[in-house]
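Single-letter residue listing:
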Amino acid sequence: MITHYATDTTHLHGFIPKWTSNLMLDSTGATPFVSYDKETKFLIIKGHASDPHIQEFFDPIFSAVKRDTVDSKNLRVYFYFKSMNTGTVRVLFDLFKYLRVRVAAGTKVQVVWGADACDHEMMETGRELSELYDLNFRYLAA
């Protein structure tokens, strides 16, 4: 189920490519819960990200966040993945490249990487992404 608070309801493959205020997408078995508050520049992604078409899911979300945060002084991103596929990793690479550019431009970027306490592989994935893109992550084990 897709829930949103936008005036533009044009759909692309069942996902919302643009919105003018806040966005909220409920999770499915293969796509995560996504919440983005445009005013506070706070993006939350939580759950399973294993849909075979996950790039189509994330592309409009990340494109809109990037457009919206070009001149922002602050940006907060919270990840809590239960699972992810290689397509998810590819779109995260693109997002982290953007976050690295924002940091270089003086934006205060906060990244929180959460995972189940017993999911050492997911925590290690976060550490590797942090090192690869020279971003300081805060880690939460639940």
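Residues numbered from 1 in each chain as written. Predicted model: local features only at pLDDT ≥ 70, side-chain atom pairs only at ≥ 80, totals over all residues. Heavy atoms only, no water.

(A) Broad picture of the overall build of the protein. What the protein contains, in helices and strands, is three helices and seven strands. Looking at the protein residue by residue over its 142 residues, the buried ones come to 44%. Expressed as a percentage of contacts within the protein between residues at least 6 apart in sequence, the contacts between residues at least 24 apart total 55%. By element, 52% of the accessible surface of the protein is carried by carbon and sulfur atoms, the whole surface being about 7600 Å². (Helix = DSSP H or I, 4+ residues; strand = E, 2+ residues; numbered from the N terminus. Buried < 20%, exposed > 50% of the residue type's maximum accessible area, 1.4 Å probe, protein only. Contact = heavy atoms within 4.5 Å. Areas by Shrake-Rupley, 256 points an atom, 1.4 Å probe, with all protein chains shown as cover.)

(B) Up close: the pattern of salt bridges. Applying the stated criterion to the full structure yields four salt bridges. Note that K82 is salt-bridged to D116, the shortest N-O span being 3.4 Å. Here D116 lies in the loop between β6 (108-115) and α3 (120-132) and K82 lies in strand β5 (residues 74-84), a separation of 34 residues in the sequence. The exposure class assigned to D116 is partly exposed, which follows from its relative accessible area of 24%. Here E124 and R127 are joined by a salt bridge, their closest N and O atoms 3.6 Å apart. Separated by three residues within a single helix, E124 and R127 lie in helix α3, roughly one turn from each other. Looking at E124, the relative accessible area reads 36%, which means it is partly exposed. (Salt bridge = Lys/Arg side-chain N within 4 Å of Asp/Glu carboxyl O.)

(C) The arrangement of the packing of aromatic side chains in detail. In total, this model carries eleven aromatic pairs according to the counting rule given. Between F96 and Y133 the ring centres are 6.0 Å apart and the planes differ by 35 degrees, which places this aromatic pair in the tilted class. Of the two residues, F96 sits in helix α2 (residues 86-104) while Y133 sits in the loop between α3 and β7 (137-141), which places them 37 residues apart along the sequence. On the accessibility criterion, F96 (0% relative accessible area) is buried. Overall, the relative accessible area of 6% leaves Y133 in the buried class. Ring centres of W113 and F137 lie 6.0 Å apart, and the angle between their planes is 25 degrees; this geometry places the pair in the stacked category. (Phe/Tyr/Trp six-rings, centres within 6.5 Å; stacked < 30°, edge-to-face > 60°.)

(D) Here's a closer look at the pairing of strand β3 (residues 33-37). In this structure, strand β2 (residues 22-25) lies alongside β3, joined through three bridges in antiparallel fashion. The residue of β3 that forms the bridge with L23 is Y36. Of the pairings in the sheet, the one linking β3 to strand β4 (residues 42-49) comprises five bridges and is antiparallel in character. Its bridge partner being in β4, S35 is matched across the sheet by I44. Taking the residues that link successive antiparallel strands as the turn, the β3-β4 hairpin has four residues, and the phi of K41 there is positive, at about 60 degrees. (Pairing = 2+ DSSP bridges.)

(E) Layout of the side chain of T31. Along the chain, the position of T31 falls in the loop between β2 and β3. A polar side-chain atom of T31 sits 2.7 Å from a polar atom in the side chain of T28. Contact partners of T31, with chain neighbours within four places excluded, come to H48, D51, I54 and F57. (Polar contact = N/O pair within 3.5 Å; in protein donor to acceptor, adjacent residues only side chain to side chain.)

(F) View of unusual backbone geometry. Even without glycine at this site, K41 takes up a positive phi of about 60 degrees. The topology assignment puts K41 in the loop between β3 and β4. Of note, the phi angle at D134 is positive, near 50 degrees, even though the residue is not glycine. Of note, D134 is situated in the loop between α3 and β7.

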